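# Tertiary structure, described
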Amino acid sequence: MPKECPVALIGQKFMGRAHSNAYLKAARFFDLPLEPVMHTVAGRDAAELQAFARRWGWANWTTRWPDIAALDAVRLVDIGTPNHVHAEHAIAMLEAGKHVACEKPLAGTLADARSMRDAAAKAKKCRTFVWYNYRRCPAVALAHQLVRQGRLGRIYHVRARYLQDWGGPGTPLLWRFQKKYAGSGAHGDLNAHIVDMARFITGEEITEVCGAVAETFIQERALPDVGPTGQIAAGTKGSRRKGKSDVDDCVLFLTRFKGGAVGSFEATRLATGNQNANSIEVNGEQGSLKFNFEDMNLLWHYDVGTDRAVQGWTRIMCTSAGNHPYAGNWWPDAHVLGYEHGFVNMAADMMRALGGEKPVVPLPDFADAFETQRVLEAALISARQRCAVKLSQVR
Ligand SMILES: NC(=O)c1ccc[n+]([C@@H]2O[C@H](COP(=O)([O-])OP(=O)(O)OC[C@H]3O[C@@H](n4cnc5c(N)ncnc54)[C@H](O)[C@@H]3O)[C@@H](O)[C@H]2O)c1
């Protein structure tokens with residue numbers, strides 16, 4: 001029988017659901033040294049929390065998140081709140097001796113991210129994790145492994161784009177459009193994922209942002225209808241009154257990598273026709289790889305060494321047990337996985353790590369996510385000052 005790992009969760013909306021599902025399923029589909037036990041969920045709305053706890057199987061709920069620090073039983077605290085409170089929540093829990101799993105981006109600002117990295121380094125007995133969940137799509141994990149095996153040889157290009165289209169003028173002023181809550185817009189939300197994915201797949205650090213463009217096309221948005229407890233009502237279209245959106249709608253930038261490769265990154269919420277097109281292509285001397293989350297079970301591989309007569313992109317369905325990461329814990333070949341499986345795979349790997357075993361592929365901790373945050377910051381400086389920014393200048 002695995003030992004138990006009591007977990008507490010702060011935040012009970014979008015990521016609250018994804019993480020709850022992950023803790024529910026991890027020990028059903030994986031043999032783990034530790035089994036997550038859903039101890040307490042914290043949020044702001046008592047009525048919603050009670051219903052949420054009942055639906056998802058949390059034993060307790062509280063509207064006072066700091067109380068979690070005093071719960072001796074709880075070993076891992078999971079943070080699924082907006083970016084401006086990640087540092088406050090994470091540092092309080094690290095100081096209370098808890099392991100912490102935090103949503104991405106690590107924080108809204110580089111200063112917050114730095115204080116989180118430093119608090120994690122100080123809390124020597126605590127492990128930290130950041131929910132860069134796309135690392136745990138089997139296709140992305142396979143790309144990481146293939147690059148490690150040297151299948152691409154020297155890497156020349158990284159081409160990453162994360163395109164969504166939900167942020168048009170009809171979308172109200174949610175927290176994601178306000179700097180004081182989000183830190184940045186599409187940049188921290190979406191570029192964060194593809195910068196992490198590029199670093200993860202190539203194993204190389206970005207050394208310079210050579211140039212960047214940031215644009216806020218929609219500068220005013222309708223103020224959202226706010227529910228009785230100060231939360232935005234579900235399905236809101238917003239009121240007639242307007243407020244200022246002070247974050248980017250899109251950020252594009254060019255980079256250099258330590259190994260000599262060059263990269264391009266683009267994140268936007270206004271790419272009409274693209275709903276969740278999180279994609280990356282890596283071109284190397286020996287071949288290429290490409291992935292698009294909208295077809296998340298597929299990895300495309302191009303092998304320079306194949307006979308030219310039959311050479312082309314190979315479509316790999318990453319669902320073969322024993323051949324593809326995580327596939328053996330799920331369904332038969334081509335019985336495809338979805339968004340939630342990346343989170344379950346990550347919860348399983350966190351339990352492995354806390355139980356003294358190796359995760360299937362590396363888990364990002366606060367120090368690792370801080371490196372992604374430095375790249376994001378460098379791109380914002382580059383866009384603002386219209387100049388190249390070396391990562392050595394962003395600390
Ligand atoms: N990994 C991913 O793919 C992914 C996807 C979406 C969001 N996220 C990240 O997850 C985090 C949460 O995003 P979301 O989409 O779940 O947001 P959301 O708005 O759906 O939910 C936020 C939750 O936090 C609670 N909350 C807000 N302020 C709080 C405070 N001060 N104290 C306690 N609780 C508070 C809210 O009540 C709500 O339950 C963000 O950091 C976001 O960037 C990650």
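Remember, predicted model here, so these are calculated numbers, not experimental data. Position labels on residues start from 1 in each chain and follow its written sequence. Only residues with pLDDT of at least 70 get local features here, since the model is predicted, and only at 80 or more are side-chain atom pairs given and counted; chain-wide, interface and lining totals rely on the full set of residues.

## A short note on the domain arrangement of the chain
Where interface size is quoted, it is often the accessible area lost as the parts come together. All domain edges in this entry derive from an automatic or database-based domain assignment. Partitioning the chain into domains gives domain 1 (3-130) and domain 2 (154-284 + 365-385). When each unit is reduced to the centre of its C-alpha atoms, the spacing between domain 1 and domain 2 is 24 Å. Domain 1 puts 20 residues into the contact, and the matching count from domain 2 is 19 residues. Segments assigned H or I by DSSP are reported as helices when at least four residues long, segments assigned E as strands when at least two residues long, and all are numbered from the N terminus. The set of elements that each furnish at least two residues to the side of domain 1 that touches domain 2 consists of α4 (110-122) and β6 (128-130). C-beta atoms are first placed from the backbone for all residues, and any pair lying within 7 Å is then listed as a contact.

## Quick word on the packing of helix α5 (residues 138-148) against helix α7 (residues 186-202)
To get an axis, a line is fitted to the C-alpha atoms, and for a helix only the part in contact is used. The angle between two axes follows their N-to-C directions and goes from 0 to 180 degrees. For the pair α5 and α7, the least separation of the axes is 7 Å and the interaxial angle reads 40°. When the interaxial angle is binned, α5 and α7 end up oblique. In this structure, α5 contributes Val140, Ala143, His144 and Val147 to the contact, and α7 contributes Met197, Phe200, Ile201 and Thr202. Charged means Asp, Glu, Lys or Arg here, nonpolar means Ala, Val, Leu, Ile, Met, Phe, Trp, Tyr, Cys or Pro, and polar covers whatever is left, Gly included. Of the residues contributing to the contact of α5 with α7, the split by class is six nonpolar, two polar and no charged. Oblique is the label for any angle not under 35 degrees, not over 145, and not in the 65 to 115 range, which are roughly parallel, roughly antiparallel and roughly perpendicular in turn.

## Description of the packing of α7 against helix α9 (residues 366-385)
Axis separation between α7 and α9 bottoms out at 9 Å; the angle between their running directions is 125°. Comparing the axis directions of α7 and α9 gives the class oblique. Two packed elements cross with a definite hand, and for α7 against α9 that hand is right-handed. Taking contact as the criterion, the partners of His187, Gly188, Asn191, Ala192, Val195, Asp196 and Arg199 in α7 are, on α9, Glu371, Thr372, Val375, Leu376, Ala379 and Leu380. Of the residues that constitute the contact of α7 with α9, the class distribution is six nonpolar, four polar and three charged. When the near helix sits turned anticlockwise from the far one by under a right angle, the crossing is termed left-handed; a clockwise turn instead gives a right-handed crossing.

## With respect to the environment of Arg55
Topologically, Arg55 is positioned in helix α2 (residues 46-56). Using C-beta atoms placed from the backbone, we call a residue buried if 20 or more other C-beta atoms fall within 10 Å of its own, exposed if 12 or fewer do, and partly exposed for counts in between. Its 10 C-beta neighbours within 10 Å are what place Arg55 among the exposed residues. Sequence separation between Arg55 and Ser20 is 35 residues, and the spatial gap between their C-alpha atoms is 10.0 Å.

## Points about the site of the ligand
Not every one of the 21 residues close to the ligand is listed here, only the nearest: Gly11, Lys13, Phe14, Met15 and Glu103. Here the residues of the shell around the ligand are counted per class, giving seven nonpolar, nine polar and five charged. Only the C-beta atom, placed from the backbone, is used; a residue is near a molecule or strand if that atom lies within 6 Å of it.

## Structural notes on the pairing of strand β2 (residues 34-42)
Pairing geometry for strand β1 (residues 3-10) and β2, over eight bridges, is parallel. Each bridged residue has a counterpart across the sheet, and for Cys5 the counterpart in β2 is Pro36. When the strands point away from the viewer, a crossover counts as right-handed if the route from the first strand across the helix to the second turns clockwise. In terms of handedness, the path from β1 via helix α1 (residues 14-29) over to β2 forms a crossover that is right-handed. Two strands form a pair only when DSSP identifies at least two bridges running between them.

## So, the environment of Cys137
Considering the arrangement of structural elements, one finds Cys137 in the loop between β6 and α5. Considering only alpha carbons, one finds Cys137 and Gln275, 138 residues apart in sequence, at a separation of 18 Å. Sequence-distant contacts of Cys137, that is, excluding residues within four places in its chain, are made with Met296 and Gly342.

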